[in-house]
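# Results of the structural survey
Each chain is listed here by its residues.
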Amino acid sequence: MRKFGLIGHPLKHSFSKGYFTEKFEDEGLVNCQYELFQIDDISKIRQVLSENPELVGLNVTIPYKEQVIPYLDHLEPACQIIGAVNTIKIDGGKLTGFNTDYIGFKESLNNWWSGKKPKALVLGSGGASKAVKKALTDLDIVYLTVSRSADKASNTLTYQDLFLNESIFSKYHLIINTTPLGTYPNTEEMPPLPLNFITEQHKIYDLVYNPEKTLLMKSVEAKGGDTKNGLEMLHLQAEAAWEIWNKN
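Cut-offs applied
- Along each chain, residues carry numbers from 1 onward, in the same order as the chain's sequence is written.
- In keeping with the model being predicted, local features are shown solely for residues with a pLDDT of at least 70 and side-chain atom pairs are shown and tallied solely at 80 or more, while totals for entire chains, interfaces and linings include all residues.
- As a rule here, side-chain values cover all heavy atoms of the structure and leave hydrogens and water aside.
- Paired strands, as defined in this entry, are two strands with at least two bridges between them according to DSSP.
- Numbering of helices and strands runs from the N terminus; a helix is a DSSP stretch of H or I covering at least four residues, while a strand is a stretch of E covering at least two.
- To define axes, lines are fitted to C-alpha atoms, for helices over the stretch in contact only, and angles between the resulting N-to-C directions are given on a 0 to 180 degree scale.
- Contacts: residue pairs with any heavy atoms within 4.5 Å of one another.
- Any helix carries an expected span of 1.5 Å times its number of residues minus one.
- Exposure categories follow from relative accessible area, calculated using a 1.4 Å probe and restricted to protein chains: below 20% of the type maximum is buried, above 50% is exposed, and the middle band is partly exposed.
- Two N or O atoms form a polar contact when they lie within 3.5 Å of each other; inside protein one atom must be a possible hydrogen donor and the other a possible acceptor, and for residues adjacent in sequence the pair counts only when both atoms belong to side chains.
- Salt bridges are identified by distance alone: a Lys or Arg side-chain nitrogen within 4 Å of an Asp or Glu carboxyl oxygen.

## Regarding the sheet that holds strand 1 (residues 2-8)
- Ordered by their spatial adjacency, six strands build an open sheet running 2-1-3-5-6-4, and the pairing between neighbours is mixed. Of all strands in the sheet, those with a lone pairing partner are strand 2 (32-38) and strand 4 (74-75), marking the two edges.

Structural data, given as structure tokens:
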């Protein structure tokens, strides 16, 4: 039996188990199994590995995409730059970290955005944000990070800065939400954006995929803007993980 799984906390509304279980059934892969490993501390990854010696691959989700790195033997080069891991390949007892969020987002954004390259505001500074920013850099897209606290060294603005400077929105037309705000069941939450500055020129890429249309997306659409959720990215990153796990 080849076993795969997901570590994170919480995992109640995980996409991965259903996705891979259906994939195994559709492709007749009777020797494959996918499990959820909800752990309340990243150090418990050692217990997961020792109790499941048949594990050959893991996905990593919130809040462990950065915390898991010290537990790995190797990092794929892009991961060293990104500083976050969402996929682990287990081979001969060695753990190698990859970031398929980067792969999925980059391909998905290319599928959606055509024409002149935009300037982007990236909401959030966690592991998903780091993958998104690496993709934007590789696509030659200028961006600013927006977080709860400012950091001049990394050009990070606060949400309050956005309310005080309407000119930002006249230059930055792509807004990417990498935070979990708005995810089910907290569907009435959204990042604190000055919606009165949003126009039909703006596009929101919300990495949240459950619900299909977040409050943020609805609010931007009400202003005439275009929106996209994170479901395509999720499928693309899952397939990239599968390819990594099966590559010799």
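## Notes on the sheet that holds strand 8 (residues 143-147)
- The six strands lie next to each other as 9-8-7-10-11-12, forming an open sheet whose pairing is parallel. Looking at strand neighbours, the two that pair on one side only are strand 9 (156-158) and strand 12 (226-228), the edges of this open sheet. Mean inter-strand twist for the sheet, computed between neighbouring axes without regard to direction, equals 25 degrees.
- Sheet topology places strand 7 (residues 120-123) next to strand 10 (residues 174-177); four bridges connect them, and they run parallel. Bridge assignment links Leu123 to a residue of strand 10, and that residue is Asn177.
- Contacts from helix 5 (residues 127-138) reach strand 7, strand 8 and strand 10 within the one sheet, and its direction differs from that of strand 7 by about 165 degrees.

## Re helix 4 (residues 100-112)
- Taking 1.5 Å of rise per residue, 13 residues should cover 18 Å, and helix 4 covers 18 Å from first to last C-alpha, within 8% of that figure.
- Listed as buried for helix 4 are Thr100, Asp101, Tyr102, Gly104, Phe105, Ser108, Leu109 and Trp112.
- Among the residues of helix 4, the N-terminal cap falls to Asn99, whose side-chain oxygen and the backbone nitrogen of Asp101 are separated by 3.1 Å.

## Some points on the pattern of salt bridges
- By the definition in use, this model includes 11 salt bridges.
- The partner of Asp101 in a salt bridge is Lys65, and the shortest N-O contact between them spans 2.6 Å. With a gap of 36 residues between them, Asp101 in helix 4 and Lys65 in the loop between strand 3 (55-60) and strand 4 connect regions that are remote in the sequence.
- You can call Lys65 buried: its relative accessible area is 13%.
- The residue Lys130 makes a salt bridge to Glu66 at a minimum N-O spacing of 2.5 Å. Within this pair, whereas Lys130 is found in helix 5, its partner Glu66 is found in the loop between strand 3 and strand 4, the two being separated by 64 residues in sequence.

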